[in-house]
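Architecture and fold: a report
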Amino acid sequence: MDEALRFFRIYEGWIYFFIALGAFLYFRRMYINWHEMRSTIFGLERESAQSKFNQAITILVLLILIGIGEFVIVSYVAPLRPESDPLLTPTIDLLATPTATLPTGATEQAMAGEGTEVGPTPTIDARIGQCQANILEITSPEPGDQLLGEIEILGSANVENFGFYKLEVTPQNQATWRTIQANRVPVENDVLVTSWDTSTLAPGDYLLRLVVTTSGGASLPDCQVPITILIPQE
């Protein structure tokens, strides 16, 4: 199903073009047949023109219905399945080498050749945006978490005049936010999304964000968490 939705989204412009072209041709044919119906005298000729006229109308209506179906699929059905988005295919730089900054003391020891083992650098809370504890925050996954398979998203979405919240994801350095799930029930230190299948995304670095909208329709500043999607193990 996702492949079919992706096809309709990628070739949306071409589909509308061929529908418009076909509609123009059959509208022209319908107009010509209508004039033939009015100008014919003999019964057989009139019946033939009437048959062609009806056929042209049928195909024209069918093309209009196909156009409406394309619009509904692209505008309403496809956005409900983020994995069908043709833009959501981040490229992984296999040649890039991650770098890390050592603490000052560890650097001096390494330069002095003391051979002391350096422990892991403490993780820094790298949440982005205006996250607020117990009000608007994502507590799991945490910044820098490496995700694989189906996971649970925990946190809080419990603001004044609450309307609804939604969880979205995008590749880092892009702005193609795609909805994971939305809910109209406020949450405080509990489950925001019961099950999110991360395997539908290409491996790489992403941003996960929580957006809350008030009952009046105003979107509040979001809370974002950087995450990494891993390559599934075979």
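The following refers to the structure shown. The model shown is predicted, which means the values in this text are computed figures rather than measured ones.

This part covers the sheet that holds strand S2 (residues 136–140). Ordered by their spatial adjacency, 3 strands build an open sheet running S2-S4-S7, and the pairing between neighbours is antiparallel. At either end of the open sheet lies a strand with only one pairing partner, and these are S2 and strand S7 (187–197). For this sheet the average axis-to-axis angle between neighbouring strands, irrespective of direction, equals 30°. Sheet analysis places strand S4 (residues 150–157) next to S7, joined by 6 bridges and oriented antiparallel. When the sheet's bridge partners are listed, Ala-157 is paired in S7 with Val-187.

Looking now at helix H2 (residues 12–39). Compared with an ideal rise of 1.5 Å per residue, which puts 28 residues at 40 Å, H2 spans 41 Å between its outermost C-alpha atoms and is within 8% of the ideal. Among the residues of H2, Ile-15, Ile-19, Gly-22, Ala-23, Met-30, Asn-33 and Met-37 are the ones counted as buried.

The next thing to look at is the packing of aromatic side chains. This structure, assessed with the given rule, holds 5 aromatic pairs. Look at Trp-14 and Phe-17: their rings are 6.0 Å apart centre to centre, the planes differ by 85°, and that puts the pair in the edge-to-face class. Of this pair, Trp-14 and Phe-17 are both found in helix H2, 3 residues apart, which corresponds to roughly one turn of the helix. Taking the relative accessible area as the measure of exposure, Trp-14 reaches 54% and is therefore exposed. Sitting above the plane of the Trp-177 ring, Arg-209 keeps its charged end 4.0 Å from the centroid.

This paragraph deals with the packing of H2 against helix H3 (residues 43–77). Axis separation between H2 and H3 bottoms out at 8 Å; the angle between their running directions is 160°. When the interaxial angle is binned, H2 and H3 end up roughly antiparallel. By crossing handedness, the relation of H2 to H3 is classed as left-handed. Considered class by class, the residues forming the contact of H2 with H3 number 19 nonpolar, 4 polar and 6 charged.

On to the pairing of S4, then. Across 4 bridges, S2 lies against S4 in antiparallel orientation. Looking at S4, one finds that Glu-137 is bridged to Ser-156.

If you trace the backbone, Asp-222 turns up in the loop between strand S8 (204–214) and strand S9 (223–229). At 3.2 Å, the side chain of Asp-222 forms a polar contact with the side chain of Arg-209.

The next subject is unusual backbone geometry. The peptide bond linking Ser-140 to Pro-141 adopts the cis configuration, its omega dihedral lying at 5°. Here Pro-141 shows up in the loop between S2 and strand S3 (146–147). In this structure, Asn-134 is a non-glycine residue whose phi angle is positive, near 65°. Note on placement: Asn-134 falls in the loop between strand S1 (128–129) and S2. Look at Asn-134 and you get partly exposed, because its relative accessible area is 35%. A positive phi is found at Asn-189, a non-glycine position, where the angle reads about 50°. Relative to the elements of secondary structure, Asn-189 occurs in strand S7.

This part covers the environment of Ser-219. Structurally, the position occupied by Ser-219 is in the loop between S8 and S9. In this structure Ser-219 comes out as exposed when scored by relative accessible area, which is 54%. Counting along the chain gives 55 residues from Ser-219 to Phe-164, while the straight-line C-alpha distance between them is 9.6 Å. Once residues within four sequence positions are removed from consideration, Ser-219 is found in contact with Val-212 and Thr-213.

So, on to the state of the cysteines. Applying the stated criterion across every chain yields a total of 1 disulfide. Here Cys-131 is linked by a disulfide to Cys-223, with a sulfur-sulfur distance of 1.9 Å. Taking the sign of the S-S torsion, about 95° here, the bridge from Cys-131 to Cys-223 comes out right-handed. Taken together, the residues span a long stretch of sequence, with Cys-131 in the loop between S1 and S2 and Cys-223 in strand S9 at a distance of 92 residues. You can call Cys-131 partly exposed: its relative accessible area is 27%.

What counts and how
Residues numbered from 1 in each chain as written. Predicted model: local features only at pLDDT ≥ 70, side-chain atom pairs only at ≥ 80, totals over all residues. Heavy atoms only, no water. Pairing = 2+ DSSP bridges. Helix = DSSP H or I, 4+ residues; strand = E, 2+ residues; numbered from the N terminus. Axes fitted to C-alpha atoms, helices over the stretch in contact; angles between N-to-C directions. Expected span 1.5 Å × (residues − 1). Buried < 20%, exposed > 50% of the residue type's maximum accessible area, 1.4 Å probe, protein only. Phe/Tyr/Trp six-rings, centres within 6.5 Å; stacked < 30°, edge-to-face > 60°. Lys NZ or Arg CZ within 6 Å of the ring centre and 35° of its normal. Parallel < 35°, antiparallel > 145°, perpendicular 65-115°, else oblique. Left-handed = near helix turned anticlockwise from the far one by under 90°. Nonpolar A, V, L, I, M, F, W, Y, C, P; charged D, E, K, R; others polar. Polar contact = N/O pair within 3.5 Å; in protein donor to acceptor, adjacent residues only side chain to side chain. Contact = heavy atoms within 4.5 Å. Disulfide = S-S within 2.5 Å.

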